[in-house]
Amino acid sequence: MDPVIKINPGGSKWDIRQKVWDYIEEKNLANFPRPVHNRIPNFKGAVKACYSLAGLQEFKSSQTVKVNPDRPQQQARFITLEARKTLLVPTPRLRTGLFNRITPPQGASKEQLRICSSSQGVKDFSVPVGLDAKIKIDLMVVGSVAVSEKGFRIGKGEGFADLEYGMMASMGAVNESTVVVTVVHDCQVMDIPEDLMGSHDLTVDYILTPTRVIKTDCQLPKPRGIIWNKLDTEKLQKIPILKKLRALEEQAGKDVTLGAAPVATEAGLHASQPKRQTRRRPRPNTQQDAEGESSQDSRLEKRIEGEPKARQHLTRMSKESRGDGKAGNEQETGKTIKGKSRGNTKEQVPEEGGNEVKSQRKLHLSVTTVYLGGIPAGLRVSELKTALREREATPLRLTWQGAQHRAFLDYSDPQAADQALEALQGLSLNGHSLQAELAKSQRGGRKSGHFSRRPKPAAAPKSEESAPDAKSDATEKTEQ
């Protein structure tokens, strides 16, 4: 497969990063958070790409797996936990240590493991691993901005993946037998010149994309430890654990002389690069968290899970599994069965779209509704909710119309709905294929599965129905 992104002769790593980020934004190939600049892109198809991890013989035979904390590798973390392997996740920006071990509750269900693999779960179910711990990592999964079929890798430019590997090599946690895997979109695979690779750069053994599994047979060696002369005192101040590791290596008689603060490092080039204009969706300013995701993203994840903390959510799920949980949870608030509403669905906010009646609840204007059709007779709403959680497509609200073989799923914004649409493609329950697409009133004339922002609300007659787009989608159901 020929690379879709061509690298200009003499281009730098920073040029390559910009090309990749610009291309992914222009082609709309990423899910939330956006824009992808200065991030490991959360590309569309990341879940599918991660599924290939379970098929690697090196993964099957591994016992301890390290996976980075970024969003596109969340499915890799879940697969590792589901296989009952030891999962290690790096400490964000190495501020408080090297990595943590994820410790799910004893006898955790598949659903609970998904929560443990989320960013909030990583925070709530982790135990720090010290530098003196005797750990052997068999396989590790890293994110990348660009990678070549020869195994050359380019990250987002902060050097944490390279430094993490060097630190692990210094403490004996990794060696030449440790397999390194990266998960990327197909467009991120390109021809990277070998002369851009330094002795500190981490190379990869496998590349997983939504369509391919590439074994690189990389000939370049991986870092065998920390290259201290490539670090300076400023870096040590930012990463306290480096001070402890440097002291240990100095006691062992190794050369730990630091380099001078570089005058024109790649980071400096980064800072001097003119800001490129990209087409960005309007969004409020949010402060990035330690994982390269925004605090808004963290809040969204908590809201979708229905509890402020993952541990509280797991407790609630345990009660529900025993039959003593309450049915009126956040996702069932708007549940409708045979025209009879449960919970508080009396507040109606009619919106005009021809003769359509849209939302029956006072939702934020950015909320986007997904239509789910083809629901087989006899399917329970709890079974659908389980399938949605397994595919990481849990809505803010679910409106159930089982008698009409359909349901409506409300998501916080178009980006979240787009991600859910991707995850729901190919969904089959009880032998029936379900159809997921934007609710008819929100398509704006576009084909199903593509975004059209919700039109501005206007007055319309109130409806006795309690599901969004109930009237307008009645015809749609017949067509489907």
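Residues numbered from 1 in each chain as written. Predicted model: local features only at pLDDT ≥ 70, side-chain atom pairs only at ≥ 80, totals over all residues. Heavy atoms only, no water.

Novice: Please clarify how the nonpolar core should be interpreted in this entry.
Specialist: Soluble globular proteins: nonpolar side chains tend toward being buried together. Counting residues in each nonpolar core, the largest one holds 36 residues, and the members touching the most others are Ile137 and Leu242. Residue assignment for this core shows that the elements contributing at least two residues are strand 5 (139–142), helix 7 (160–170) and helix 9 (240–251). Beyond its immediate chain neighbours, meaning those up to four positions away, isoleucine 137 contacts Thr64, Lys66, Leu88, Phe99, Met168, Ala173, Val174 and Thr178. Counting residues in hydrophobic clusters, the runner-up holds 28 residues, among them Cys50, Phe59, Val67 and Leu208. (Core = buried A, V, L, I, M, F, W, Y, C linked by side-chain atoms within 4.5 Å. Buried < 20%, exposed > 50% of the residue type's maximum accessible area, 1.4 Å probe, protein only. Helix = DSSP H or I, 4+ residues; strand = E, 2+ residues; numbered from the N terminus. Contact = heavy atoms within 4.5 Å.)

Novice: Just checking my understanding: could you explain the pairing of strand 16 (residues 397–401) for this structure?
Specialist: It is a general feature of regular strands that their side chains alternate between the two faces of the sheet. Of all five residues making up strand 16, four are buried, and the element is well covered by its neighbours. Taken together, the five bridges between strand 16 and strand 17 (residues 406–411) define a ladder with antiparallel strand orientation. Residue pairing in the sheet places leucine 398 in a bridge with leucine 409 of strand 17. A loop of four residues connects strand 16 with strand 17, the two strands running antiparallel in sequence, and histidine 405 in this loop sits at a positive phi of about 60 degrees. (Pairing = 2+ DSSP bridges.)

Novice: Which parts of the structure should I look at to understand the environment of leucine 396?
Specialist: Turning to its location among the elements, leucine 396 is positioned in the loop between helix 13 (381–390) and strand 16. Separated by 29 residues in the primary sequence, leucine 396 and valine 367 have C-alpha atoms spaced 9.0 Å apart.

Novice: It is not clear to me how the sheet that holds strand 20 (residues 435–438) should be interpreted in this structure. Could you clarify?
Specialist: As a general point, the strands of a sheet are linked pairwise by backbone hydrogen bonds and lie either parallel or antiparallel. With antiparallel pairing, the four strands of this open sheet are ordered in space as 16-17-15-20. With partners counted over all chains shown, the strands left at the sheet margins are strand 16 and strand 20, one partner each. Across this sheet, the average inter-strand angle for adjacent strands is 20 degrees, counted without regard to direction. In the sheet, strand 15 (residues 368–373) pairs with strand 20 via four bridges, with the strands oriented antiparallel. (Axes fitted to C-alpha atoms, helices over the stretch in contact; angles between N-to-C directions.)

Novice: Sorry, what's going on with the confidence of the model for the protein chain here?
Specialist: Detailed reading of the predicted model is not advised wherever pLDDT is low. When pLDDT is averaged across the protein chain, the result is 74; 69% of the residues are at 70 or more. Note on residues 264–309: pLDDT under 50 across the span, and 82 contacts to partners over four residues away in sequence or across chains. A low-confidence stretch, residues 445–480 (pLDDT under 50), is modelled with 101 contacts involving residues beyond four sequence positions or located in other chains. (pLDDT = per-residue confidence, 0-100.)

Novice: In this structure, what is going on with the packing of aromatic side chains? I would like to understand it.
Specialist: What characterises a pair of aromatic rings is the spacing of the ring centres plus the angle enclosed by the ring planes. By the definition in use, this model includes two aromatic pairs. Seen in terms of ring centroids, tyrosine 371 and phenylalanine 408 are 5.7 Å apart; in terms of plane orientation they differ by 65 degrees. Their pairing is edge-to-face. Within this pair, whereas tyrosine 371 is found in strand 15, its partner phenylalanine 408 is found in strand 17, the two being separated by 37 residues in sequence. Residue classification places tyrosine 371 among the buried residues on the basis of a relative accessible area of 0%. Its guanidinium or amino end placed over the ring of phenylalanine 59, lysine 85 lies 5.1 Å from that ring's centre, counting from NZ or CZ. For arginine 114, the ring lying beneath its charged end belongs to phenylalanine 78, and the centroid distance is 3.9 Å. (Phe/Tyr/Trp six-rings, centres within 6.5 Å; stacked < 30°, edge-to-face > 60°. Lys NZ or Arg CZ within 6 Å of the ring centre and 35° of its normal.)

Novice: What am I meant to see in the sheet that holds strand 4 (residues 126–129) here?
Specialist: On the basis of which strands lie adjacent, the open sheet formed by eight strands has the order 4-3-2-1-5-8-9-10 and mixed pairing. Only two strands of the sheet have a single neighbouring strand rather than two, namely strand 4 and strand 10 (213–215). The average angle at which neighbouring strand axes cross in this sheet is 25 degrees, direction not considered. Bridge analysis of strand 2 (residues 86–90) against strand 3 (residues 99–102) gives three bridges, and the strand direction is antiparallel. Each bridged residue has a counterpart across the sheet, and for valine 89 the counterpart in strand 3 is asparagine 100.

Novice: Would you take a moment to explain the pattern of salt bridges for this structure?
Specialist: One side chain can pair with another of opposite charge once the charged atoms of both are near each other. Evaluation of the coordinates by the stated rule reveals 12 salt bridges. Taking the shortest distance from any N to any O, the salt bridge between glutamate 25 and arginine 34 comes out at 2.9 Å. Comparing glutamate 25 with arginine 34 shows no difference in burial state: the two are buried. Linking aspartate 186 and arginine 212 is a salt bridge whose minimum nitrogen-to-oxygen distance equals 3.7 Å. You can see aspartate 186 sitting in the loop between strand 8 (179–183) and strand 9 (206–208) and its partner arginine 212 sitting in the loop between strand 9 and strand 10, a full 26 residues away along the chain. The same class applies to aspartate 186 and to arginine 212, which are both buried. What emerges from the salt-bridge pattern is a single network uniting Glu149, Asp186 and Arg212. (Salt bridge = Lys/Arg side-chain N within 4 Å of Asp/Glu carboxyl O.)

Novice: How should I be thinking about the packing of helix 4 (residues 74–82) against helix 5 (residues 110–117) in this particular structure?
Specialist: The description of two packed helices rests on the angle between their axes and on the distance between the axes. One way to put it is that helix 4 packs onto helix 5 with a least axis distance of 8 Å and a crossing angle of 135 degrees. Considered as vectors, helix 4 and helix 5 are oriented oblique to each other. Here helix 4 and helix 5 pass one another in a crossing that is right-handed. Along the contact surface, helix 4 presents Gln74, Gln75, Arg77, Phe78, Leu81 and Glu82, while helix 5 presents Lys110, Leu113, Arg114, Cys116 and Ser117. In terms of residue class, the contact of helix 4 with helix 5 is made up of four nonpolar, three polar and four charged. (Parallel < 35°, antiparallel > 145°, perpendicular 65-115°, else oblique. Left-handed = near helix turned anticlockwise from the far one by under 90°. Nonpolar A, V, L, I, M, F, W, Y, C, P; charged D, E, K, R; others polar.)

Novice: When you look at the environment of serine 109 in this model, what are you seeing that I'm missing?
Specialist: Summarising the element assignment, serine 109 is placed in the loop between strand 3 and helix 5. On the basis of relative accessible area, serine 109 is assigned to the partly exposed category, the value being 32%. Residues serine 109 and glutamate 82, spaced 27 residues apart in sequence, show a C-alpha to C-alpha distance of 8.9 Å.

Novice: I would appreciate a short explanation of unusual backbone geometry in the present structure.
Specialist: For residues other than glycine, phi is negative in most cases, and the peptide bonds are mostly trans. Cis geometry marks the peptide bond from phenylalanine 32 to proline 33; its omega dihedral reads 5 degrees. Take proline 33: it is sitting in the loop between helix 1 (13–26) and helix 2 (46–51). In this model, arginine 34 is joined to proline 35 through a cis peptide bond whose omega is -5 degrees. One can find proline 35 in the loop between helix 1 and helix 2. Backbone geometry places asparagine 28, a non-glycine residue, at a positive phi of 55 degrees. Secondary-structure assignment places asparagine 28 in the loop between helix 1 and helix 2. Its relative accessible area of 29% is what places asparagine 28 among the partly exposed residues.

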